[in-house]
There are 2 protein chains.
Amino acid sequence: MLIQAQAQALALKAKLFRGFSDPSRLAILDVLRDKQLTVTEIVTLTRLSQSNASNHLGCLRDCGLVRKEQQGRYVRYRLSDPRIATMLSLSEEVLADVAKGVYQCTRYECTEKRATDS
Amino acid sequence: MLIQAQAQALALKAKLFRGFSDPSRLAILDVLRDKQLTVTEIVTLTRLSQSNASNHLGCLRDCGLVRKEQQGRYVRYRLSDPRIATMLSLSEEVLADVAKGVYQCTRYECTEKRATDS
DNA sequence: CAATCATATCAGCAGATAATGATATGTTAA
DNA sequence: TTAACATATCATTATCTGCTGATATGATTG
């Protein structure tokens, strides 16, 4: 469908964005925005189940958004790059302006609620 | 799991990012980066099927990333905000630095290929 | 070593998503 | 109005994703 090199680059970028594209993962990124936290702290703050949080942390890690660091029996997570936080802020700015459109979207083929235009 | 207002905000933000989180949609956003295009032009440039492109355009529209404008019998699409392009650029910068980690990630529970740490 | 705490992984399920081919809608022009 | 073109929608299918509960691994302390 797309030439190979391009497709590879797009898949990579899509993967990065997929890290951001789930409310649970955004909740995790949010609490990691300005500080490092252990898994237990993250679980407490986000109220995700331990297993769920661990899965999402694995995903975020694999997507390159966070890094882990073993500290004694704790594992401490932090954003892997300050620009991750920038992207979050930028998305909030954009949302503030285009939110109305986003409210309509419930799923991929947002047929039922799709706005009539624009 | 999260309090209602927070959950709403996170879901909204997740939806915005979900617009970016698919290679076909990124291909579309890419060709719209600096110009407005009709659906046919988009289909030609991205080599997506017409129906697939239309679905993705609907999704992008509902996520607030693009806007459509009817022009005669054509529909012209453009990015809904210049900061959308900024987010794309920013993601490319981040990727350039953390790409190695992302290469490992094939899906949510990227078990098979998960790097041993970091 | 045994107990405990912290984290990761597994199996399985329900629902979401992306693709396709076919069809429908809408717009313009002959 | 009919034909032709542009775009959207539908139905279907295969796959992916996120969640849960249970279990496993790993680290630390007594």
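The rules we used
- Numbers given for residues are sequential positions, taken from 1 along each chain in its written order.
- Lettering of chains starts at A and numbering of ligands starts at 1, both following the order in which they are written.
- It should be noted that, the model being predicted, local features are given only for residues of pLDDT at least 70 and side-chain atom pairs only at 80 or more, the latter also being counted only at that level, while totals for whole chains, interfaces and linings use all residues.
- An automatic or database domain assignment supplies the residue ranges for each domain.
- Amino acids outside the nonpolar list (Ala, Val, Leu, Ile, Met, Phe, Trp, Tyr, Cys, Pro) and the charged list (Asp, Glu, Lys, Arg) are all regarded as polar, and Gly is one of them.
- Connectivity within a nonpolar core runs through C-beta atoms within 7 Å, and the core itself is a set of buried Ala, Val, Leu, Ile, Met, Phe, Trp, Tyr and Cys residues.
- Put plainly, a residue is buried at 20 or more neighbouring C-beta atoms within 10 Å of its own, exposed at 12 or fewer, and partly exposed in between, counting only other residues' C-beta atoms, which are placed from the backbone.
- Strands are runs of DSSP state E lasting at least 2 residues, helices are runs of H or I lasting at least 4, and numbering of each runs from the N terminus.
- Two strands form a pair only when DSSP identifies at least two bridges running between them.
- For every residue pair, C-beta atoms are placed from the backbone, and the pair is scored as a contact if these atoms sit within 7 Å.
- An axis is simply a line fitted to the C-alpha atoms; with a helix, the fit covers only the stretch in contact. Between two such axes, the angle follows the N-to-C directions and lies from 0 to 180 degrees.

**Considerations on the domain arrangement of chain A**
Once the domains are mapped, chain A shows domain 1 (4–80) and domain 2 (82–118). Considering only residue class, the side of domain 1 of chain A that touches domain 2 of chain A consists of three nonpolar, one polar and one charged.

**Regarding the nonpolar core**
Ranked by size, the top nonpolar core spans 49 residues in total, and within it Ile28 and Leu60 of chain A together with Ile28 and Leu60 of chain B carry the most contacts. Looking at this core, the elements that each hand over two or more residues are helix H1 (4–20), helix H2 (23–31), helix H4 (50–62) and helix H5 (82–103) of chain A together with helix H1 (4–20), helix H2 (23–31), helix H4 (50–62) and helix H5 (82–103) of chain B. The dominant element in this core, judged by the number of residues it contributes, is H1 of chain B, at six residues.

**Examining the pairing of strand S3 (residues 74–79) of chain A**
Residue and element names in this part refer to chain A. Inspection of the sheet shows strand S1 (residues 37–38) paired to S3 by two bridges, in the antiparallel sense. For threonine 38, the partnering residue across the bridge sits in S3 and is arginine 76. In the sheet, strand S2 (residues 66–71) pairs with S3 via six bridges, with the strands oriented antiparallel. Counterpart to lysine 68 in the pairing with S3 is tyrosine 77. In sequence, S2 turns back onto S3 through a hairpin of two residues, with glycine 72 there showing a positive phi of about 60°.

**Side note on the sheet that holds S2 of chain A**
Hydrogen bonds between backbone atoms are what pair the strands of a sheet, whose relative direction is either parallel or antiparallel. Read across the open sheet, the three strands follow the order S1-S3-S2 (chain A); overall the sheet is antiparallel. Two strands bound the open sheet, and with one partner strand each, they are S1 and S2 of chain A.

**Observations regarding the sheet that holds strand S2 (residues 66–71) of chain B**
Residues and elements named next belong to chain B. Read from one edge of the open sheet, three strands run S1-S3-S2, paired in antiparallel fashion. In this open sheet, the two edge strands, each paired with only one partner strand, are strand S1 (37–38) and S2. Against the sheet, H4 touches S2 and strand S3 (74–79), its axis set at about 120° to S2.

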